[in-house]
Amino acid sequence: MTAAAILAMAGAVLLIRLGWGGRRGLAAAGWALAAAALGWLTWADGAWGLATGLTAGSIFALLAVAQAGVVSPARTPRRAAAVTATAAPMGAVPSDLARRIAVFLLVVPVSFLAALWLALAINAAMKGGAPLEANSVATLLFVQPTAWAALMAWQMVQPRPARMVFQPALVAAAGLLIWMMT
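For every chain, the first residue of the written sequence is number 1, and numbering continues from 1 onward in sequence order. Where local features are concerned, this predicted model is filtered to residues with pLDDT of at least 70; where side-chain atom pairs are given and counted, the filter is 80 or more; whole-chain, interface and lining totals use all residues. To get the side-chain values, take all heavy atoms of the structure and skip hydrogens and water.

**Student:** Got a minute to help me understand helix 5 (residues 166-181) in this structure?
**Tutor:** Given 3.6 residues per helical turn, the α-helix brings residues three or four places apart onto the same face. Here helix 5 spans 22 Å end to end across 16 residues, near enough to the 22 Å set by a 1.5 Å rise per residue. The rule is simple: take the accessible area with a 1.4 Å probe, protein chains only, and divide by the maximum for that residue type; under 20% is buried, over 50% is exposed, in between is partly exposed. Secondary structure is summarised from DSSP: a helix means a run of H or I of at least four residues, a strand means a run of E of at least two, and numbering begins at the N terminus for each. For helix 5, the set of buried residues is Gln167, Pro168, Val171, Gly175 and Ile178. Looking straight down helix 5, one finds its buried side chains confined to an arc of 95°; they lie on one side. Exposed positions of helix 5 whose direction lies more than 90 degrees from the buried face are Met180 and Met181. The inward-facing, buried residues of helix 5 abut helix 3 (94-127) and helix 4 (134-156). Expected span, for any helix, means 1.5 Å times one less than how many residues it has. Here the arc refers to the set of directions running from the helix axis out to each C-beta atom. Throughout, a residue-residue contact means that at least one pair of heavy atoms, one from each residue, lies within 4.5 Å.

**Student:** How should the nonpolar core be read in this particular structure?
**Tutor:** Within soluble globular proteins, side chains that are nonpolar generally end up buried alongside one another. Buried Ala, Val, Leu, Ile, Met, Phe, Trp, Tyr and Cys residues form a nonpolar core when they are joined through side-chain atoms within 4.5 Å. Formed by Ala114, Ala115, Leu118, Ala119, Ala121, Leu140, Val143, Ala147, Leu151, Val171 and Ile178, the largest nonpolar core amounts to 11 residues. Secondary structure elements with two or more residues in this core: helix 3, helix 4 and helix 5. By residue number, the principal contributor to this core is helix 3, which donates five residues. With near-sequence residues (within four places) excluded, valine 171 lies in contact with Ala114, Ala115, Leu118 and Leu151. Formed by five residues, the second largest nonpolar core is a distinct cluster that contains Met9, Ala12, Ala37 and Leu38.

**Student:** Mind showing me how you'd approach the packing of helix 1 (residues 2-18) against helix 2 (residues 24-71) here?
**Tutor:** The relative placement of two packed helices is expressed as an angle between their axes plus a distance between the axes. Their axes nearest at 6 Å, the elements helix 1 and helix 2 cross at an angle of 35°. Between helix 1 and helix 2 lies a crossing of right-handed hand. Here the nonpolar group is Ala, Val, Leu, Ile, Met, Phe, Trp, Tyr, Cys and Pro; Asp, Glu, Lys and Arg are the charged ones; every other residue, Gly included, is treated as polar. Taken together, the residues of the contact of helix 1 with helix 2 break down into 25 nonpolar, seven polar and two charged. Each axis is a line fitted through C-alpha atoms, taken for helices only over the stretch in contact, and angles between the N-to-C directions span 0 to 180 degrees. Crossing chirality is assigned from the near helix's rotation relative to the far helix, an anticlockwise turn below a right angle marking it left-handed and a clockwise turn marking it right-handed.

**Student:** For this particular structure, what's the right way to read helix 4?
**Tutor:** Taking 1.5 Å of rise per residue, 23 residues should cover 33 Å, and helix 4 covers 33 Å from first to last C-alpha, within 8% of that figure. Of all the positions in helix 4, only Ser136, Leu140, Val143, Gln144, Ala147, Leu151 and Gln155 are classed as buried. Close packing links the buried residues of helix 4 with helix 3 and helix 5.

In structure tokens form, the structure reads like this:
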């Protein structure tokens, strides 16, 4: 039965690939077949079955993308203008550069510090005044980059730098609340 479910994953990827051309019904059927095959593998073999199905699906998808890359026509490359790395973008005005610097400052150091504050607060709450334990340190080392990545993703979809202040403020406030409860 495992082999049949893995073959169903291959069929699912094929249906999804055929749906790339705008035939959404085929793509939806492919996703439904993939979900059913993964459900069957998980029910039959637990986590091992799920991992096997996901690995097989990834391999089939990689083969589909490679096949699409081989048969698609090559594009003629556009000739790029010679621009030095230190040159400002074409038509950039000082306010545009200030906006870019503000975005960088809000997304990189401010979000980093907010995520670090949250991670340290969770670490303090976990250890509760006791000496450092491996669990609290591991959690700190997991929470900080995860929270920072989530913050950066959330901020980068905002239209203006002024709208990028709320996200790190919210995370810092959550960290402050955790600190106050410990």
